[in-house]
Amino acid sequence: MKISDWLDKKEAENIDLSQITLPANMSYDEDPDETIFFKEINPCGLFCTENHPFATVERFGHWYLARGQDKKAGIHSSEMMWRHFTKDKYIALRKAKMSIE
C-alpha cells in the first residue's frame, strides 16, 4: 500500500493525521514523489556526521510531509524532532521554514 493511500484510509477513519507516525515497514519502502524543500544548518562542514537542525518537505501523492529538527535544538542535538502531514503544500512549507529560520 502506498503512503498516500494509507493516509487516505486513516483520514476516512477520522484520525488526526497531522502528527501520525507511519508504520515502520511503510516509512522506508517508498521514496517521496518529490522533495519540495530542504535546508540544513551545518556550520561544521561537509564531513561532520553529527546531527544538525534541518527541515524538509516531501510529497507522497497528494500528501505533504514536513519534518525536521527545530533550529532551537542546537548543533549536534537529537532533541526537538518534528513531523507534520497535510494535504496543503503551503502549510507544509510554512511549518518547515518556521522551524529552521
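Residues numbered from 1 in each chain as written. Predicted model: local features only at pLDDT ≥ 70, side-chain atom pairs only at ≥ 80, totals over all residues. Heavy atoms only, no water.

**Q** Give a description of the layout of surface pockets that names residues and reports values.
**A** The computed volume of the largest pocket comes to approximately 380 Å³. Secondary-structure elements contributing two or more residues to the lining of the largest pocket are β2 (54–60), β3 (63–69) and β4 (81–86). In terms of residue class, the lining of the largest pocket is made up of ten nonpolar, three polar and four charged. (1 Å grid on protein atoms, 1.4 Å probe; cavity = no way out; pocket = protein on both sides within 12 Å on 5 of 7 lines; lining within 4 Å. Points joined across faces, edges and corners; volume = space filled by probe spheres on them. Helix = DSSP H or I, 4+ residues; strand = E, 2+ residues; numbered from the N terminus. Nonpolar A, V, L, I, M, F, W, Y, C, P; charged D, E, K, R; others polar.)

**Q** Now, about the packing of aromatic side chains: what can you tell me, with residues and values included?
**A** Aromatic ring pairs are reported here in terms of the distance separating the ring centres and the angle at which the planes meet. Applying the stated criterion across every chain yields a total of one aromatic pair. The positively charged end of Lys95 is found above the aromatic ring belonging to Trp82, 5.2 Å away from the centroid. (Phe/Tyr/Trp six-rings, centres within 6.5 Å; stacked < 30°, edge-to-face > 60°. Lys NZ or Arg CZ within 6 Å of the ring centre and 35° of its normal.)

**Q** Got a sec to walk through the sheet that holds strand β1 (residues 34–40)? Specific residues and values, please.
**A** Taking strand neighbours across the sheet as the criterion, the four strands line up as β1-β2-β3-β4 in an open arrangement whose pairing is antiparallel. The open sheet has two edge strands, β1 and β4, and neither has a second partner. On average, each strand axis in the sheet is inclined to that of its neighbour by 10°, with strand direction left out of account. For β1 and β2, the ladder comprises six bridges, and the chain directions are antiparallel. Residue pairing across strands places Lys39 opposite Ala55, the latter belonging to β2. On top of the sheet, helix α1 (residues 3–12) reaches β2, β3 and β4; it is set at about 100° to β3, its chief contact. The sheet contacts of helix α3 (residues 89–100) involve β1, β2, β3 and β4, and relative to β2 the element is tilted by about 165°. (Pairing = 2+ DSSP bridges. Axes fitted to C-alpha atoms, helices over the stretch in contact; angles between N-to-C directions. Contact = heavy atoms within 4.5 Å.)

**Q** An account of the side chain of Glu58 is requested, with residue identities and associated values reported.
**A** Within the secondary structure layout, Glu58 lies in strand β2. Take Glu58: its relative accessible area is 11%, and that puts it in the buried class. Side chain to side chain, Glu58 and Arg67 meet in a polar contact 3.3 Å long. Not counting chain neighbours up to four residues away, the residues in contact with Glu58 comprise Pro32, Glu34, Thr35, Trp63, Tyr64, Leu65 and Arg67. (Buried < 20%, exposed > 50% of the residue type's maximum accessible area, 1.4 Å probe, protein only. Polar contact = N/O pair within 3.5 Å; in protein donor to acceptor, adjacent residues only side chain to side chain.)

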